[in-house]
Every structure is written in structure tokens, then in C-alpha cells.
Amino acid sequence: MAVGTDDLHELVRALGEREEVLDIAAGVLQARPVDALRNWLEHDDSSGIHALDDFCLGEFDAAPEQERAAWRLLAVFPARFSPEQAEYVLEAAGIGNADDLLRSLVANGILERIGLGVGFGLRVRPLYRRPAIRSLRGDDRASRDARHGIRGWWLATARSFGSTWFGAEELLLFAALDRELATLESLVKTSSGEDADELLEILARLWPLWTARGRSQQAREWIGRILASSANIDDENSFAALWAIAWLSLHLFDIGMARQAVAHASEIPGADPARLALLQQSIALETMEDPHHARILLDDALAAPVLPVGQPAEEFLRLAYLAQLAHIAMDDGAARDYCERAIALCDSQGELWFKSSILWTFAISLWRSGDRDRGYVVACEGAVEAARVEDWRSCALCLEVVAWYEAWRGDPTTAVRMLGSIDAVRTSTGVDAIFWGMQDFHDEVVAELERRLGAPAYWREFHRGRREPIGHYVHVINRDEPNAGDTASQARLLATLTDRQSEVAGLVARGKANKEIALALHVSISTVETHISHIFEKLNCGSRAQVAVVVAAGNARR
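Residues numbered from 1 in each chain as written. Predicted model: local features only at pLDDT ≥ 70, side-chain atom pairs only at ≥ 80, totals over all residues. Heavy atoms only, no water.

For the rest of this paragraph, the subject is the overall build of the chain. Across its full length, the chain carries 30 helices and 2 strands. In the chain, which comprises 558 residues, the share counted as buried stands at 51%. Contacts in the chain between residues far apart in sequence, at least 24 positions, make up 68% of those at least 6 positions apart. In the structure as shown, the chain presents an accessible area of about 25400 Å², 51% of it carried by carbon and sulfur atoms. (Helix = DSSP H or I, 4+ residues; strand = E, 2+ residues; numbered from the N terminus. Buried < 20%, exposed > 50% of the residue type's maximum accessible area, 1.4 Å probe, protein only. Contact = heavy atoms within 4.5 Å. Areas by Shrake-Rupley, 256 points an atom, 1.4 Å probe, with all protein chains shown as cover.)

So, about the environment of V76. The topology assignment puts V76 in the loop between α5 (65–74) and α6 (83–92). For V76, a relative accessible area of 0% corresponds to the buried category. For the pair V76 and R144, spaced 68 residues apart in sequence, the C-alpha separation works out to 9.9 Å.

The subject of this paragraph is the packing of aromatic side chains. Tallied over the full model, the rule gives 13 aromatic pairs. Ring centres of W207 and W247 lie 5.3 Å apart, and the angle between their planes is 65 degrees; this geometry places the pair in the edge-to-face category. Within this pair, whereas W207 is found in helix α12 (residues 207–212), its partner W247 is found in helix α14 (residues 235–251), the two being separated by 40 residues in sequence. No difference in accessibility class separates W207 from W247, as the two residues are buried. (Phe/Tyr/Trp six-rings, centres within 6.5 Å; stacked < 30°, edge-to-face > 60°.)

To continue, consider the confidence of the model for the chain. Residues of the chain with pLDDT of at least 70 account for 76%, and the chain-wide mean is 76. For residues 30–53, every residue scores under 50 in pLDDT, and the model assigns this stretch 32 contacts once sequence neighbours within four places are set aside. In this model, residues 131–136 is a region of pLDDT below 50 whose contacts with residues beyond four sequence positions or in other chains number 29 contacts. (pLDDT = per-residue confidence, 0-100.)

With that settled, the discussion passes to helix α11 (residues 196–205). Most of α11 is tucked away, with 7 of its 10 residues classed as buried. Turning to α11, its buried residues number three or more, namely A196, L199, L200, E201, I202, L203 and A204.

As a packed pair, α6 and helix α7 (residues 98–107) sit with axes 10 Å apart at the nearest point and diverge in direction by 115 degrees. Note on packing geometry: the crossing formed by α6 with α7 is right-handed. For the pair α6 and α7, contact is made by P83, A86, E87 and L90 and by A98, D99, L101 and L102, respectively. Residue classes in the contact of α6 with α7 are distributed as 6 nonpolar, no polar and 2 charged. (Axes fitted to C-alpha atoms, helices over the stretch in contact; angles between N-to-C directions. Left-handed = near helix turned anticlockwise from the far one by under 90°. Nonpolar A, V, L, I, M, F, W, Y, C, P; charged D, E, K, R; others polar.)

Let us look at the nonpolar core. Grouped together as the largest cluster of nonpolar side chains are 140 residues, with contacts concentrated most on L74, W154, L184, L206, W210 and F316. Residues L494, A505, L507 and V547 belong to the second largest nonpolar core, which totals 17 residues. (Core = buried A, V, L, I, M, F, W, Y, C linked by side-chain atoms within 4.5 Å.)

What follows deals with unusual backbone geometry. Of note in this structure, N97 is not a glycine but carries a positive phi near 55 degrees. With a phi close to 65 degrees, M330 is a non-glycine residue in the positive phi region. Considering the arrangement of structural elements, one finds M330 in the loop between α18 (312–328) and α19 (332–349).

Looking at where A196 falls in the secondary structure, it is placed in helix α11. Judged by relative accessible area, A196 falls into the buried class, the value being 1%. In this structure the C-alpha to C-alpha distance between A196 and I233, which are 37 residues apart in sequence, comes to 6.8 Å. When residues no more than four places from it in sequence are discounted, the contact partners of A196 are I226, S230 and I233.

Before going further, it helps to spend a moment on the pattern of salt bridges. Here the structure, examined in full by the defined rule, presents 23 salt bridges. Here D100 ties to R103 by a salt bridge, and the two come within 2.6 Å at their closest N and O atoms. Pair noted here: D100 and R103 are both in helix α7, with a separation of 3 residues, about one helical turn. For D100, a relative accessible area of 46% puts it in the partly exposed group. With a shortest N-O distance of 2.5 Å, R147 and D195 are connected by a salt bridge. Residue R147 is located in helix α8 (residues 141–160), and its partner D195 is located in the loop between α10 (181–189) and α11; the two are separated by 48 residues in the primary sequence. Taking the relative accessible area as the measure of exposure, R147 reaches 11% and is therefore buried. (Salt bridge = Lys/Arg side-chain N within 4 Å of Asp/Glu carboxyl O.)

For any two helices packed against each other, one specifies the inter-axial angle together with the distance between the axes. Taken N-terminus to C-terminus, the directions of helix α24 (residues 438–453) and helix α25 (residues 455–466) make an angle of 115 degrees; their axes are 6 Å apart at the nearest point. In the packing of α24 onto α25, the handedness of the crossing is right-handed. Taken together, the residues of α25 that come into contact with α24 (itself represented by V446, L449, E450 and L453) are A455, A457, Y458 and W459.

Here the focus is the pairing of strand β2 (residues 121–124). Side chains G121 and R123 project from β2 onto one buried face, and the interleaved L122 and V124 project onto a second face that is buried too. With 4 bridges connecting them, strand β1 (residues 111–114) and β2 associate as antiparallel partners. Paired with I114 across the two strands is G121, which belongs to β2. (Pairing = 2+ DSSP bridges.)

Moving on: the state of the cysteines. All told, the structure shown has 0 disulfides when counted by the stated rule. Residue C395 stays outside any disulfide, its sulfur separated by 7.1 Å from that of C398, the closest cysteine. Using a relative accessible area of 0% as the deciding quantity, one classes C398 as buried. (Disulfide = S-S within 2.5 Å.)

Our focus in this paragraph is the environment of A301. Along the chain, A301 falls in helix α17 (residues 291–303). Each C-alpha atom of the pair A301 and R318 lies 8.8 Å from the other, and the pair is 17 residues apart in sequence.

Listed below in C-alpha cells is the structure:
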């Protein structure tokens, strides 16, 4: 029975793109016994590949040689790739007119488009991938050219990115790069060591991407793998790689590994003393528990020269460092002052990533000083901001304070479930969500909840919370009143919105920035701002977090 290529594509998609499925499909396409095809692949890769090349290109025999050459290069891609990566690969092989060639390959069904809009990707349809070279392990010219092109794209991307200030534009870039990581992972896993310097430069330069997208552990493993694969890495890249390992380890609260990486980095000729000092300062801060020592360091820091105006990222880091020292030194008034200044700086510059961490420090200082209502408000804002940028560690830290408040105001079941969800985040990330003076408050709350609910009920609700995603608990946030909101009245408020305002409110509640909302709705940013102004007025809200509360309560009412 004759089998068409479209039928085979659907069959392959249904069965899964496993090696044996693709081999059988290729055998059917070529009308050859599958065993004979497998024998070719086992004993003579080149002849099997050339036979498949000939068949696959049979559907466009009249195509120019450039189109055939482009397909042979792109057929070694292991997964989704971006049009920009494809252009780099084609240019590395001396092939021009990349845009026209890609459009032709899509039109002919060799490539398929994945996703819509500006962030779309491409993928070689399963039957047109080359057997035995479905990764970048091949030693033929096409595989070498593909590696060179992909590596060139990542290197250019890494060298163009030098920001330490994470606004909406940077976070959108992080999301776009995150979609392309399959190709970088293939480069790392198939590296023979000859390209170690370039791969280490890519991985080290992109340290903000790893921390912002929750990939610190993965990136640290990749860097370690490359360092172990080659003994001929230059000093500059060795230092950068060890610095990145130390920073990523700090983000994972692996202080031992951070110290070890700093020790090795300090032995490298030409090591940057300023960058080492930053790491050593951060390590000391993460492990410091002595308030007297923190006070000495705080006084020393205040006596040091202040950075000149015009360096907002560095000024924020200075204020955050002072706030954390003041927090450890039990000087809650100073801690609150530095936090407020750092938050104002974030808001003036459109910074999103660091803001959630400083909101958590602010919330803890308020809670410890007895201002629990305001600490709750700040913790809620921090949880929303952290979830918006997918920083689940900071979200967990802020929600810990929210859970304390729920226990304090008399909702023990919600408090226990939130603690369970927070514990799940801690387990999944390998990062503790309780530190810097939080442990005593945490233990006090847990003891009180166990007393009120009884141990069996406490643990039942705790494990129920562990099964819920942490974002599920954002609905408890209420920026106006300590008591639970009236869901019926909030539903009535939502009914006053126009259809477009309801769309915008829903996107705000999901943590979308104005720029993202404008792109999603195909309107200008100023139009989005106008809608949000009207939404605030109609819902009687003063912040985006309050809008999220009203929307969540209204949805719960339906």
C-alpha cells in the first residue's frame, strides 16, 4: 500500500519521534526493507544518509543547489531553532539569501514553523532529519558547519548582552533566549574540548539569564562539564567561568561551592580583585548571623565613598547591601530606609528583577518591628512582582510572610497550605526559603498552627499545599484590608469594566507588563496606560497587585 508523506508525518507525530520510528519511516519512504536501511546506518552512515538525502529532495528536484545545501545543513539541528540561528549556520557555510531559502524550505514542507509573532521558531520536520546525525555529533562537513554557525550565534548574542539591570526589555530577551537553549545544550553535550573557550565565554557572559530564568543549577553543570573537558582554557575564560560558578552557587545558596570557586579563581593570573571582592562580600553576607559584626560592616560601608550618580544598578546593589546589613544588625529603621530608597530607584528605572528581593527584606523588617499590616502589604507586592518575572524563590520568601499574616489574622488552613507550597518550591529548587532571622518567626507560626489545628490536620493540609503551585496562593493577597475581601462586591466591581478593560485587567492580574499587554492586544502602550488608569478608578485600586486580588476574587465567585 502506498503511503503518502503527510500520512507518515502524522504517524510519526503520533508514535513519537524516536530513533526506531524515524528509521522505519525512512525505510517506508525509500521502499526499502527496514533491516537493510538499518544495516546501512550501522555499517556505512554516509551511503544511508546520501540515499535519504536523494529521496527527501526528490519532492523538489528542480530546486537550486543552494536550497539542497541549506537543507543538508539544517537537517542536523536536534530541535527547535530560531531563524537567526539558521542564518548564522548558512552564512558559516558561505550560503547567502537565507531569508528566501528558509521561506522556500517552509513552503516545501521541509521545515515547519513553531509559534506565532516575532518569537516564532523553526523545526525540521521529522522525516527530513538525517539519520545518525540527529544531534551535532557528526564529523561530516555539514555537522561541523552547523556547530560553527550555532556557536557563532550564541557568541554574538552573549557579547551583545552586558546588562545587570533587569527591566522589561531584558526579561523579554531572557524569555526569547530561554526558548533557544536546546541548541546551546547540544553544543555543550557534544563538545570535544576544541571550542571550550568560546562555550565558556557564552555561558559566563549569560549569567543573568541563568539566574533570571531559574537555570542556575543547569548552567553550573554545563560550565563544570566544559571545564572538565579541556585542559587548554585561557586564563580570562577560566576566571570568568569560575566567577560564574561562584555567583550561580550563591543563587543556589551553595556556599561551600561558592567559596571553592572563589578560591580557585583567586589563583588565576590576572584575576580581577574587584569582582572577587564582590563575591567575597556576598558570601559573607549570606552566612552572617552576628549583629555586632554586621554593624561594624555597615559603619564601614557608610564611611566608604558613594558611587557617582548615573550608575543605577550599582547604586541599587549598594543600597540593597546596606539594607541587608542593617537587617542583620537589627537596625530595622535603617533597613526600612535603605529598602524604600532602593525600591524608589527600581521604580524610577523600570527595574523588575531585583525589586522583589528588596521588597522581601523590607517586609521582614516591618514584620519584626511590629508593623505587621504594612509588612503583609509589602510581602504581597513582593510576591506579585516575583511571580511576574518567574522568580519563584523570592516569591516563596515573600509568601512566607503572607502565611504568617494569615495565621495571625485567624486563617490557619490557608496559612498551612501556603507553607506547604513554599516547601515544595524549596525542595524543587534546592534553595532554602527560610533564612536571615526568619527561622524563629517560622517555628513560632508552625507551633501555633499545630496547636490550633492538631498535628494530623496540620500535616494533611501541609501536604495538600505541596501539591498546589505557589501561584495558586496569590489570591489571598489583599492590599487594602487585613480581612478577607467580599468576593460578591468585587465581582460587581468587575462587571463595571468594558470588555477591553476586562481583558487588560486579566493580563495585569497575570503579571504582564504594559509593553507585553500592548503587544498581546495590538495597541499602543499609552492606550494600555489609559485603560489601567480607568481600571484602577472603577475597581478602587491603587496598585496592580490590588487589581490581581479583585480579579482573582471575581473569578472565584463565578
